[in-house]
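Structural features, examined
The lines below spell out each chain.
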Amino acid sequence: MHAAGALKSPPLLETWAGPRAGKALKVLLLLPIALWVGYVVIVNVMLSTKLVARLVSYNPTDASLHYGTAWSFWPGVVHVEDLRLSGSDSVLQWAVELDEADVDIHLTQLLSKKFYAEDIRAEGFVFRMRLLVDPTSERDLEAPHITALPPIPEFTNPPLKPELPPERDLENSDEGYNLWTVHLEGVDTSLKEVWIQQYRYAGAGRVRGRFHMKPLRAIDVGPVALELRSGELHLADRIVARLDADVDVTMPTFDPRDIDGLNLFENAAVRLRLDAQVPGLDFVHVHTGEDAEPRIEDGSGELRANLVVNKGNVEPGSALSYATSHLALGASGHRATTEADVDLRVGERGEALLSVNVPRATLERPGKGLPPIVVERASAVFEAPELHLMRFPPAFSSKVDIVAAALPDLRWLNQEGAAPDAPRFTGGAAFLRGSVDIDRQGRATGALSLLMKHGALAWKETRFKADATARIALDAADVLNPSATLRKSRIEIKDLAIEHEGEALPGWWARIDIDDAKVRKGLMEATIRLECKDARPAVKLLDAEDVIPGWASGLLTMDGLTASAKVQRKGDDVDFRLLEAQGGNLAIRGRLTKSDGRDALGAFLVTSGPLSVGIDLGADGAGVHPLVGDDWVNEQMAALGR
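Notes on the structure follow.

Reading the values: the criteria
Residues numbered from 1 in each chain as written. Predicted model: local features only at pLDDT ≥ 70, side-chain atom pairs only at ≥ 80, totals over all residues. Heavy atoms only, no water. Helix = DSSP H or I, 4+ residues; strand = E, 2+ residues; numbered from the N terminus. Rg over C-alpha atoms; globule rule 2.2 N^0.38 Å. Buried < 20%, exposed > 50% of the residue type's maximum accessible area, 1.4 Å probe, protein only. Contact = heavy atoms within 4.5 Å. Core = buried A, V, L, I, M, F, W, Y, C linked by side-chain atoms within 4.5 Å. Pairing = 2+ DSSP bridges. Phe/Tyr/Trp six-rings, centres within 6.5 Å; stacked < 30°, edge-to-face > 60°. Arc of directions from axis to C-beta. Salt bridge = Lys/Arg side-chain N within 4 Å of Asp/Glu carboxyl O. Polar contact = N/O pair within 3.5 Å; in protein donor to acceptor, adjacent residues only side chain to side chain. Patch = residues over 30% accessible without salt bridge, like charges linked within 9 Å, V, L, I, M, F, W, Y side chains within 5 Å. Areas by Shrake-Rupley, 256 points an atom, 1.4 Å probe, with all protein chains shown as cover. Lys, Arg positive; Asp, Glu negative; His and termini not counted. Charge placed at Lys NZ, Arg CZ, Asp CG, Glu CD.

1. Describing the overall build of the protein
For the protein, the count of helices and strands is 8 helices and 30 strands. A compact globule built from 642 residues should have a C-alpha radius of gyration of about 26 Å, whereas the protein, at 41 Å, is more than 25% larger. Considered along the principal axes of its C-alpha atoms, the protein spans approximately 165 × 50 × 40 Å. Counting across all 642 residues of the protein, residues that qualify as buried make up 38%. Put simply, of all contacts in the protein between residues at least 6 apart along the chain, 53% involve residues at least 24 apart.

2. As for the nonpolar core
Residues Leu65, Tyr67, Leu85, Trp94 and Leu243 are the most contacted members of the largest nonpolar core, which totals 66 residues. Leaving out residues up to four positions away in the same chain, Tyr67 has contacts with Met46, Leu47, Lys50, Val52, Ala53, Val80, Glu81, Asp82 and Leu83. Within the second largest apolar cluster, 31 residues are counted, among which are Ile438, Ala517, Ala526 and Ile588.

3. Considering the pairing of strand E26 (residues 573-583)
Sheet topology note: the strand E25 (residues 561-570)/E26 ladder contains 9 bridges and is antiparallel. Note on E26: the bridge partner recorded for Thr562 is Gln582. Examined bridge by bridge, E26 and strand E27 (residues 586-594) share 8 bridges and lie antiparallel to one another. The residue bridging Arg577 from the neighbouring strand is Arg591, located in E27. Joining the antiparallel neighbours E26 and E27 is a turn of 2 residues, in which Gly584 adopts a positive phi near 65°.

4. Structural notes on the pairing of strand E8 (residues 218-235)
Sheet analysis places strand E7 (residues 199-214) next to E8, joined by 14 bridges and oriented antiparallel. Paired with Ala204 across the bridge in E8 is Arg229. Remark: 3 residues form the turn of the hairpin made by E7 and E8, two consecutive strands paired antiparallel; Leu216 in that turn has positive phi of roughly 65°. Bridge count between E8 and strand E9 (residues 238-254): 12 bridges; the pairing is antiparallel. Paired with Leu235 across the two strands is Arg238, which belongs to E9. Hairpin geometry of E8 and E9 is characterised by an intervening segment of 2 residues between the two adjacent antiparallel strands and by a positive phi of about 55° at Ala236.

5. Focus: the packing of aromatic side chains
As enumerated under the stated definition, the model contains 2 aromatic pairs in all. Ring centres of Phe392 and Phe396 lie 5.7 Å apart, and the angle between their planes is 85°; this geometry places the pair in the edge-to-face category. Taken together, Phe382, Phe392 and Phe396 form an aromatic cluster joined through their ring pairs.

6. Topic: helix H8 (residues 630-639)
For H8, the set of buried residues is Trp632, Val633 and Met637. Taken end-on, H8 shows its buried residues confined to a sector of 125°, consistent with a single buried face. Seen from the buried face of H8, the exposed residues on the opposite side, beyond 90 degrees, are Asp631, Glu635, Ala638 and Ala639. The secondary structure elements touched by the buried residues of H8 are E27, strand E28 (601-608), strand E29 (611-618) and strand E30 (621-626). Downstream of H8 by a residue or two, Gly641 has a phi angle that is positive, lying close to 100°.

7. Observations concerning the pattern of salt bridges
Scanning all chains against the criterion turns up 43 salt bridges. The salt bridge involving Asp188 is made with Arg208; its shortest N-O contact spans 3.7 Å. Residue Asp188 is found in strand E6 (residues 181-196), and its partner Arg208 is found in strand E7; the two are separated by 20 residues along the sequence. Take Asp188: its relative accessible area is 17%, and that puts it in the buried class. The partner of Arg200 in a salt bridge is Glu193, and the shortest N-O contact between them spans 2.6 Å. Note on Glu193: relative accessible area 7%, which makes it buried.

8. Notes on the side chain of Thr337
Inspection of the secondary structure assignment puts Thr337 in strand E15 (residues 334-346). One polar contact links Thr337 to Thr362, side chain to side chain, over a distance of 2.4 Å. Apart from residues lying up to four places away in sequence, Thr337 is in contact with His326, Leu327, Ala328, Arg360, Ala361 and Thr362.

9. A closer look at the side chain of Asn44
By the element assignment, Asn44 lies in helix H3 (residues 19-48). Its relative accessible area of 15% is what places Asn44 among the buried residues.

10. Some words on a negative patch on the surface
Together, Asp82, Glu100, Asp102 and Glu123 make up a negatively charged patch on the protein surface. Mapped onto the fold, Glu123 is located in strand E5 (residues 114-131). For Glu123, a relative accessible area of 37% gives the class partly exposed.

As structure tokens, then:
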């Protein structure tokens, strides 16, 4: 009885709310379930039939969406596998790939041609981007820098700009603008590949952040955190580096039409930590061409960086270092090898200090039978008030030091293709050390020390062999407009032996002091003081021995000859003014000029007490003029020009 009564009694809900209200409440409770079921059915049908992909890919050139499988059990939240989203504009083409992802897609935004997704949790992120190639400016579409561009399945390779102008000028007009916008928020995905132009990173990593792109109008990046772990950076088929890095990037909204090359960094804040092993630097030939010089070999080493860049400025605390134990450069029949350490530091006030240390370097001329030039312990330091990625420092100072350099064979100094009668070295060695400071105005000061051992020189029928030392003091030089001034420099020649027309002159010596010298392009001027054993070498070389009178023959043998002179060389013209030369009771002064490859012309006055003789050098040889004086030599010197 009780059971039957219970079955016939009205339900508690109807008893409490009444029959009609109970039905309405049931509907309210079942409606969300029905809507959810309807959403699941409709959306999953759309996903399984690829209707969503066809909607996005209505114009595949502007945007294209592909995926393997996809489903959704909650409004907007989609699980997708093997996804690829790509697009293009009149400047570039791009593609994003994901192995799988759970993503909240704003489905209604698709109707306004906007792919808006957030809370993206994904695996296997791949990003590719390439600029369109202008076939009218690229002569070889099979060149390495073209074939190294990333392939994007929706587009042809290489990516060519159309020959005809587009029907809609979307770069300069909003009329007819209908390109897809991509907006990604809350991205967190593992990384497989990033391939931008010819540069490709492949390896483990992670990407977190946000990205917005409205083609040809606006790009907004970040903050984006990029982790790269034990991956490889490639340029075409060359490995640039094996690296481990962390990169944080923020780029406020900018118009991509305003970007030209590296000025992209003018709108970016970047933080980079990098540890990289560089297997070599030959990857640069992808851009320069395999036959371009200098040829780069090896260059393997370690690259480390901790940089903060804000709108192109490298910020205080930034540092970068690179070290290689073997770098080779080849050009014009020469080959240089070096060890090097490069270190960049940015101080607390933003000043940049770049140090380059070269423990050892060599320079060779393969096939010439010459031993290499060797440099030991050279260094250079450059300091600038700031460092900007897109601008060369407006002013910087530098210091260059060479502790030791050896030129083991002076034949290195011979000019190839020189005339047969030009001076040429036949042997000997030289050793050099020096230091130069350059201030921010480009003015240089410094000193250079040189030692020559057993130097041998041949000139026409004359042979020279000697030891020599030199100390050159650089008082002022203009690096920007090449010129230099020397002060208080000295050259010492020791044990000079001369062979001239079968006669030997051994044991000669000389000291040359350069009080003032100016050097610039095509011009050299110097005031010198000379002390030497005797004048015999000069007399021999000028073929003046036969015209010197007997009373002046002491010029050939007197010890401790001193002289002062001014020398000017302009192009191929030489002007030598002997202000005064003295030795014992003899004195000589005069002038010697040589121009346009012609024979030397000159006039000299030799005096000894009341006796004097003039010697002139003309086109027909030397002439002697007894008992002439200052008036004669002054007139002859003036006749040679100013």
